[in-house]
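Overview (structure and organization)
So the chains spell out like this:
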Amino acid sequence: MFKNMKADLRAARERDPAARSNLEVFLLYSGFHAICRHRVAHFYYRHKLFFLARLVSQFNKFLTGVEIHPAAKIGPGFFIDHGTGIVVGETTIIGDHVKLYQGVTLGALSLKEGRGLLNVRRHPTIEDNVTIYSNASILGGETVIGHDSIVGGNVFLTRSIPAGTKVYAKAQELHFDTDVDTPQVQDVTQTDNTDYVI
C-alpha cells in the first residue's frame, strides 16, 4: 500500500508541471489525497472490513469530490489531475501509470438486474499508461482500454479499443457573434482529425 502511494506521489510530481515539490503534492493535491484514501479503503475491503472500507470511501468523496469504490483495483503511479467529479465503479481495474482528469466516469452500462449482478464484472478495464481527459465516460465490464491509449474529453465509450489508440469526440462547430448589430459567424470547426474517431 505505501509503496503504491509513493509511486502515486512521484507520478503527480512528474506529470504535473505545476507541482513544485513533493511536499506540495503531499499536502495540497486533492487527487493525491483521494488515491491515498482509496488505497486505505481498498486495504480494508481486501480484509473483509466492508463497512470501514465504505466509510473511508465516502469520507474521501466528501473531502475531495472523487468517488472510488473501495473494491476497485488500481495500479501504482495513478495520477488524478483536477479530480472533482471522478467516479470509479466497484469492479473497475486500472493498470499502472494511468492519468485521469476531472469528471471521468468508469461505470456500468445498466443496473436493471440489481443484486443479480453481484460478483459480475460491470466496469471497464484500463490498461497501463492510459490518459483519460475531462468528462469522458467509459462503461461496461467487457470494455477494455488498451495500454498507451488516450481518451479525449467528452468521449462516451461502451466498447474496447486496442493499445495505442487515440479516441476523441469530433469537435462541435462553434459560432461567435462579433457584433450584436451585424451578426457574423466565424467557423472554427476542427478539421485536422486524423486519429480514430467515434
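Look a little higher up for the structure.
As a starting point, this report considers the structure included with it. Predicted, not measured: the structure shown is a model, and the values here were computed from it.

What counts as what
Residues numbered from 1 in each chain as written. Predicted model: local features only at pLDDT ≥ 70, side-chain atom pairs only at ≥ 80, totals over all residues. Heavy atoms only, no water. Helix = DSSP H or I, 4+ residues; strand = E, 2+ residues; numbered from the N terminus. Buried < 20%, exposed > 50% of the residue type's maximum accessible area, 1.4 Å probe, protein only. Contact = heavy atoms within 4.5 Å. Areas by Shrake-Rupley, 256 points an atom, 1.4 Å probe, with all protein chains shown as cover. Patch = residues over 30% accessible without salt bridge, like charges linked within 9 Å, V, L, I, M, F, W, Y side chains within 5 Å. Salt bridge = Lys/Arg side-chain N within 4 Å of Asp/Glu carboxyl O. Axes fitted to C-alpha atoms, helices over the stretch in contact; angles between N-to-C directions. Parallel < 35°, antiparallel > 145°, perpendicular 65-115°, else oblique. Left-handed = near helix turned anticlockwise from the far one by under 90°. Core = buried A, V, L, I, M, F, W, Y, C linked by side-chain atoms within 4.5 Å. Pairing = 2+ DSSP bridges. Expected span 1.5 Å × (residues − 1).

A count of helices and strands for the protein gives 4 helices and 14 strands. Among the 198 residues that make up the protein, the fraction classed as buried is 41%. Taking the intrachain contacts of the protein between residues at least 6 apart in sequence as the baseline, contacts between residues at least 24 apart amount to 37%. Surface summary for the protein: the accessible area is close to 11400 Å², and the carbon and sulfur share equals 56%.

What follows deals with a nonpolar patch on the surface. The grouping of Leu23, Phe26, Leu27 and Leu28 at the surface amounts to a nonpolar patch, some 450 Å² of accessible area in total. Here Phe26 is to be found in helix α2 (residues 22–28).

Two numbers describe how helix α1 (residues 2–15) lies on helix α3 (residues 30–46): the axes approach to 10 Å, and their chain directions differ by 165 degrees. It follows that α1 is roughly antiparallel to α3 by the angle criterion. Relative to α3, the crossing made by α1 is right-handed. Mapping the contact onto sequence places Asn4, Met5, Asp8 and Leu9 in α1 and Phe32, Ile35, Cys36, Arg39 and Val40 in α3.

This part covers the environment of Ala169. The topology assignment puts Ala169 in the segment after β14 (166–167). Taking the C-alpha atoms as reference points, Ala169 and Ala136, separated by 33 residues in sequence, lie 9.6 Å from one another. Apart from residues no more than four positions distant in its own chain, Ala169 is found in contact with Gly153, Asn154 and Val155.

Turning to the nonpolar core, a few remarks are in order. The biggest cluster of nonpolar side chains holds 36 residues, and the ones touching the most others in it are Leu100, Leu106, Ile126, Ile132 and Val151. Sequence-distant contacts of Ile126, that is, excluding residues within four places in its chain, are made with Ile93, Ile94, Gly95, Val98, Leu106, Ile132, Ile138 and Ile145.

Reading across from one edge, β2-β5-β8-β11 is the order of the 4 strands in this open sheet, with parallel pairing throughout. Sheet topology places β2 (73–74) and β11 (144–145) at the edges, where each strand pairs with a single neighbour. Taken together, the 2 bridges between strand β5 (residues 93–94) and strand β8 (residues 125–126) define a ladder with parallel strand orientation. For Ile94, the partnering residue across the bridge sits in β8 and is Ile126.

Read across the sheet, 5 strands follow the order β3-β6-β9-β12-β14 without closing on themselves; strand pairing throughout is parallel. Bordering the open sheet on either side are β3 (79–81) and β14, each of which pairs with just one other strand. As defined by bridge partners, strand β9 (residues 131–132) adjoins strand β12 (residues 150–151) across 2 bridges and the pair is classed as parallel. Opposite Thr131, over in β12, you have Ile150 as the bridge partner.

This paragraph deals with α1. In this model α1 runs 20 Å from its N-terminal to its C-terminal C-alpha over 14 residues, within 8% of the 20 Å that 1.5 Å per residue would give. Within the sequence span of α1, burial applies to Met5, Ala7, Asp8, Leu9, Ala11 and Ala12. In this structure, the buried side of α1 is in contact with α2, α3 and β3.

One can find Ser137 in strand β10 (residues 137–139). We classify Ser137 as buried; its relative accessible area is 17%. Beyond its immediate sequence surroundings of up to four residues, Ser137 is in contact with Thr105, Val155, Phe156 and Leu157.

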